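Residue-level structure breakdown
This is what each chain is made of:
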Amino acid sequence: MKSIIERIYSFLDNKRNKYVTVAAIFAVMVIFPLFVNDYAISVAQSAMFYMLLALGLNVIVGYCGMCDLGYAAKFAIGAYTTGILIKSFGWNFWLTLPASVIVSVLIALLIGAPTLKLRSDYLAIVTLGFAEIVRITAQNLEITGRASGIHAITRPHFLGIHLTKIIHWYYVFLILVIIYIFISYRIRHSRFGRALAYIKEDEDAAQAMGVNTTSYKLCAYAVGAVLGGIAGSFFAVRMTSISPGSFDFTQSANIMLAVILGGMGKIPGVIVGALFFAVFPELFRFLPTIGGIRISDMRMLFFGLLLIIVMIKRPQGLWPERRKKG
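Notes on the structure in this doc start here. (Residues numbered from 1 in each chain as written. Predicted model: local features only at pLDDT ≥ 70, side-chain atom pairs only at ≥ 80, totals over all residues. Heavy atoms only, no water.)

Regarding empty space enclosed by the protein
Put simply, the test is: Definitions used for this entry: grid spacing 1 Å over protein atoms alone; cavity, a set of points where a 1.4 Å probe fits but cannot get out; pocket, an open set with protein on both sides within 12 Å along at least 5 of 7 lines; lining residue, one with an atom within 4 Å of a point. Grid points are joined across faces, edges and corners, and a volume is the space filled by probe spheres set on the points. Helix and strand definitions here come from DSSP, where helices need a minimum of 4 consecutive H or I residues and strands a minimum of 2 consecutive E residues; each element is numbered from the N-terminal end. Nonpolar residues are Ala, Val, Leu, Ile, Met, Phe, Trp, Tyr, Cys and Pro. Charged residues are Asp, Glu, Lys and Arg, and all others, Gly as well, are polar.
Counted under the stated rule, the structure contains one cavity of 30 Å³ or more. Within this model, the largest cavity holds a volume of roughly 30 Å³. Along the walls of the largest cavity sit K74, I77, S104, I107, A108, F130, Y221 and A225, which together make up its complete lining. Looking at the lining of the largest cavity, the elements with two or more residues in it are helix 4 (72–89), helix 5 (93–115) and helix 10 (213–239). For the lining of the largest cavity, the element with the most residues is helix 5, which contributes three residues. Residues that form the lining of the largest cavity fall into these classes: six nonpolar, one polar and one charged.

Dropping the structure here:
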């Protein structure tokens with residue numbers, strides 16, 4: 001496995017190879033729906049949605065090194081903001097996106113300002129508690145539909161096309177993934193990204209060098225919240241209904257798992273982790289019944305066993321950051 005990864009790195013060191021590879025992957029993704037059925041398109045769409053969430057969490061966890069166990073709350077805020085504005089106030093979906101960004105930033109500042117001075121396990125507990133507060137609040141407020149949630153959310157139009165077909169949403173999420181990758185890349189290779197890398201490696205040393213660690217961590221938390229909120233807005237109109245059960249701790253754990261599994265801080269690794277997480281369990285769905293046992297019902301068992309093996313053999317992730325020699 002290690003030699004394969006190193007060979008991939010060596011191949012991609014050549015800029016021409018890198019651009020050709022990216023172009024080839026993009027071309028395959030564009031024509032993919034033309035050769036498969038709706039089920040395969042749905043799985044690919046689900047994988048791309050997890051990519052969006054994983055890329056958003058990667059800013060917080062992978063770039064800055066903060067442990068966020070409540071990321072489901074970030075895209076819950078965006079989803080409920082869009083759902084409430086469309087259902088209760090009749091807003092156009094595209095106008096709800098700036099509102100989702102603003103609400104996400106405000107919530108991130110409200111929660112992050114007093115808590116981001118905490119580290120490791122303490123921060124993880126706070127983020128987990130925040131996620132539960134968001135879920136329970138949504139479960140008890142009338143405007144959020146209480147436990148039943150919000151239903152019959154109107155799907156939007158784009159360039160005269162009513163986004164109702166599954167293939168429409170495939171391309172919408174494909175465009176969003178490209179945008180998120182671009183944003184992640186720009187952050188990673190900016191002064192802001194370098195400061196986050198210093199904080200991740202050694203926060204005390206970064207602070208001694210003059211890096212305002214609290215401000216940078218708060219900015220990273222806000223950026224991650226915005227990316228999650230936008231993904232949540234698209235989730236709401238794609239599904240046309242949302243409920244508190246869609247944003248429980250299991251979702252947060254799954255998103256964190258995708259980031260860790262792929263390789264924290266590495267954009268291709270996070271994408272591979274999300275793809276692996278969304279696609280692999282589906283491979284067992286149509287397995288036959290053997291000896292009266294439905295193998296398809298045990299797909300999550302096989303998935304869990306494979307995760308354990310991967311974490312033992314590849315604790316740094318499937319596609320980790322390249323270690324520089326010298």
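Looking at the pattern of salt bridges
Stated formally: Any carboxyl oxygen of Asp or Glu within 4 Å of a side-chain nitrogen of Lys or Arg constitutes a salt bridge here. Think of it in three bands: residues with accessible area under 20% of the maximum for their type are buried, residues over 50% are exposed, and the middle band is partly exposed, with areas taken using a 1.4 Å probe on protein chains only.
What the rule picks out here adds up to three salt bridges. In this structure, E132 engages R135 in a salt bridge whose closest nitrogen and oxygen atoms are separated by 2.8 Å. Taken together, the residues span about one helical turn, with E132 and R135 both in helix 6 (residues 120–140) at a distance of three residues. Here R135 falls in the partly exposed class, since its relative accessible area comes to 22%. Between K217 and E203 there is a salt bridge, with the nearest N and O atoms lying 3.3 Å from each other.

Quick notes on the layout of surface pockets
Reported here for the largest pocket is a volume of approximately 2000 Å³. Lining the largest pocket are 46 residues, with I181, Y185, K266, I267 and P268 sitting closest to its centre. Listed by contribution, the elements that provide at least two residues to the lining of the largest pocket are helix 1 (2–13), helix 2 (15–31), helix 3 (38–63), helix 7 (166–188), helix 8 (191–201) and helix 12 (267–279). It is helix 3 that provides the largest number of residues to the lining of the largest pocket, a total of eight residues. Its residues assigned to classes, the lining of the largest pocket comprises 32 nonpolar, five polar and nine charged.

Some remarks on the environment of S215
To keep things clear, this is the line we draw: By the criterion applied in these results, polar contacts are pairs of N or O atoms within 3.5 Å in which, for protein atoms, one can donate a hydrogen and the other can accept it, and in which residues neighboring in sequence qualify only through two side-chain atoms.
Inspection of the secondary structure assignment puts S215 in helix 10. Spatially, the C-alpha atoms of S215 and K266 are 23 Å apart, while their sequence positions differ by 51 residues. In terms of polar contacts, S215 uses its side chain to reach the side chain of N212, at 3.1 Å.

Here's the deal with the packing of helix 2 against helix 7
Cut-off, in case you're wondering: Helix axes use the C-alpha atoms of the stretch in contact, all axes being lines fitted to C-alpha atoms, and the angles between their N-to-C directions lie in the range 0 to 180 degrees. In this scheme, roughly parallel covers angles under 35 degrees and roughly antiparallel covers those over 145, while 65 to 115 is roughly perpendicular and the rest are oblique. Working rule for contacts: check all heavy atoms of both residues, and any pair within 4.5 Å makes them a contact.
Viewed as axis vectors pointing N to C, helix 2 and helix 7 meet at an angle of 160°, and their least axial separation amounts to 10 Å. Here helix 2 is positioned roughly antiparallel relative to helix 7, judged by the angle of their axes. Two secondary-structure elements touch here, helix 2 through F26, M29 and V30 and helix 7 through Y170, Y171, L174 and I178. Taken together, the residues that form the contact of helix 2 with helix 7 break down as seven nonpolar, no polar and no charged.

Re the side chain of N58
Within the secondary structure, N58 is located in helix 3. The buried category is assigned to N58, whose relative accessible area is 0%. Among the polar contacts made by the side chain of N58, one reaches the main-chain amide nitrogen of G265 at a distance of 2.8 Å. In this structure, N58 is in contact with Y63, V259, M264, G265, K266 and V270, ignoring residues within four places of it in sequence.

Comments concerning a nonpolar patch on the surface
Inclusion rule: Within this analysis, patches are made of residues with over 30% relative accessible area and no salt bridge. Like charges are joined at 9 Å or less; nonpolar side chains (Val, Leu, Ile, Met, Phe, Trp, Tyr) at 5 Å or less. Surface accessibility follows the Shrake-Rupley procedure with a 1.4 Å probe radius. Residue values consider only the protein chains on display as shielding.
A surface patch of nonpolar side chains, about 510 Å² in accessible area, is lined by F89, W91, L95, L141 and I143. Following the sequence through the fold, W91 ends up in the loop between helix 4 and helix 5. The class of W91 is partly exposed, set by a relative accessible area of 38%.

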